[in-house]
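Chain residues, written in single-letter form:
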Amino acid sequence: MSNIPKIVILGAGYGGILTALRLQKELNYNEADVTLVNKHDYHYITTHLHMPAAGTDRAENARVSISKLIDEFKIDFVKSTVVQIRTQDKKVILEDGTLSYDYLVIGVGGEPETFGIPGMLEYAMNIRSLNSVRLIREHIEYQFARYKREPHRTDYLTFVVGGAGFTGIEFVGELADRIPELCKQFDVDPQLVKLYNIEAAPTALPGFDPELVEYGMQVLTKKGVIFRIGTAIKECTPDGVIVGEGEEIRAATVIWAAGVRGNRLIEEAGIETMRGRVKIDECLRVPNHENIYVVGDNSLVFNPEGRPYPPTAQIAMQQGVVCAHNLVASIRNQPLKQFEFKNKGTVASLGKGEAIGIVFGKKYTGSKAAWFKKAIDIRYLYIIGGIPLVVRKGKIL
Ligand SMILES: Cc1cc2nc3c(=O)[nH]c(=O)nc-3n(C[C@H](O)[C@H](O)[C@H](O)COP(=O)(O)OP(=O)(O)OC[C@H]3O[C@@H](n4cnc5c(N)ncnc54)[C@H](O)[C@@H]3O)c2cc1C
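Residues numbered from 1 in each chain as written. Predicted model: local features only at pLDDT ≥ 70, side-chain atom pairs only at ≥ 80, totals over all residues.

Our focus in this paragraph is the overall build of the protein. A count of helical and extended segments in the protein gives 9 helices and 23 strands. Within the protein, the proportion of its 397 residues that are buried is 46%. Once local pairs closer than 6 in sequence are excluded, the contacts in the protein between residues at least 24 apart make up 64%. (Helix = DSSP H or I, 4+ residues; strand = E, 2+ residues; numbered from the N terminus. Buried ≥ 20, exposed ≤ 12 C-beta atoms within 10 Å, placed from the backbone. Contact = placed C-beta atoms within 7 Å.)

Let us look at the nonpolar core. With 62 residues, the main nonpolar core has Val160, Phe171, Val172, Leu195 and Ile255 as its most contacted residues. The element contributing the most residues to this core is helix α5 (residues 166–186), with 7 residues. The residues touching Val160, leaving out its near neighbours within four places in the chain, are Tyr196, Ile198, Gly240, Val241, Ile249, Ala251, Thr253 and Val254. Counting 51 residues, the second-largest nonpolar core is a separate cluster that includes Ile9, Ile280, Tyr293 and Ile315. (Core = buried A, V, L, I, M, F, W, Y, C linked by C-beta atoms within 7 Å.)

UniProt's feature table lists "domain: FAD/NAD(P)-binding" (unreviewed entry) at residues 6–320, given in the numbering used throughout. End-to-end, the C-alpha atoms of residues 6–320 are 17 Å apart, and along that stretch the chain is 28% helix and 27% strand. (UniProt positions renumbered as here; feature names shortened; annotations may be inferred.)

In this fold, Glu170 is placed in helix α5. Judged by the 26 C-beta atoms lying within 10 Å of it, Glu170 falls in the buried class. The spacing of Glu170 and Lys91 is 79 residues in sequence and 39 Å in space, taken between C-alpha atoms. The residues touching Glu170, leaving out its near neighbours within four places in the chain, are His50, Ala348 and Ser349.

Taken together, the 4 bridges between strand β7 (residues 91–94) and strand β8 (residues 97–100) define a ladder with antiparallel strand orientation. Bridge pairing in β8 places Ile93 opposite Thr98. Connecting β7 to the next strand, β8, in antiparallel fashion are 2 residues. (Pairing = 2+ DSSP bridges.)

In structure tokens:
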């Protein structure tokens, strides 16, 4: 058995893949054994998933084969699902094997948070993975086909999106663009289709610039989105949702896009969490577990006012870089770096050619903001796969 330290990275999302790519670059030959574990043999571009979910793009365009990203001479890739993390004996149990580690990076992404709303887990769909968005797309198309057979069932043409955060807003923007196309394809009167975006907070995109939010809501309202802001979904049923004081919205499609919690694997490992997310130390490690790092949606990162940042791909990517640096530094007994989030901006798409955003502190709307959104996507492709990936996927995104 070799004495080379073993680094195991769980999850090839934004945080995990960036950690792996940086380790591949920074580690010297035989300095560590690095293993990357992921459920699928591809990395998916989560920030693009609202498009295949609505059917305005193909799911295949949001995925990149992991073997095309990593150098398999330097990193072992294991396609498997993690079922348990055992910190006491430094082991990870996979559905089909066991891995031991000296250093662990947890980057398995979050899970939908339903805040205990009855029926939400059972009856709503989520935009979380390639498989979940394939299901949403097929389901939506099927509702149009069903309506043609049972024209009294207008609930087949009613779509409820719970949550007007970034995911909810980007999805309704795409779906509003797709609906006219579906109406044409299935000979359905567009007036019969209802697309609700329901949000419990007093505003859409809570915490975002109010002027941009106003602009975004106007654009989406013009496209036919019906906003119910300040309205809580009380229950999700097989027939739709119950909102506010008991009003029923009958809908055959409910998409829940209102919250993310940490992955249950972490609390099941006995690690202390808040809604499943870990309050990591300034070097991204789990308190009292100096050999375990958490990156991405499972970590809690606080702003200077002490409030947690919403989980984003941007934070996950920046954490991946620092995590890799700190792993290399630990192995070399060098000082670790503290993580500091540098917010370069946020852009939310509102469908084709429209977006709102703040980039380097400046506000943008319309086609300019949409251009930034595309530039951010292309920059990401460049970071993970260089020019070849940009050439292959850049035009599509
Ligand atoms: C529709 C949508 C739009 C978004 N838009 C933006 C945006 O514009 N900008 C932005 O910054 N953020 C955006 N986000 C948020 C962003 O996508 C997440 O914050 C980011 O993906 C988190 O990265 P992560 O590294 O934590 O893990 P993820 O990217 O979630 O990846 C986790 C990986 O772990 C794998 N995995 C999960 N469980 C297991 C297991 N048990 N075993 C093995 N592998 C496992 C998964 O298959 C996946 O590959 C958006 C999210 C959504 C859903």
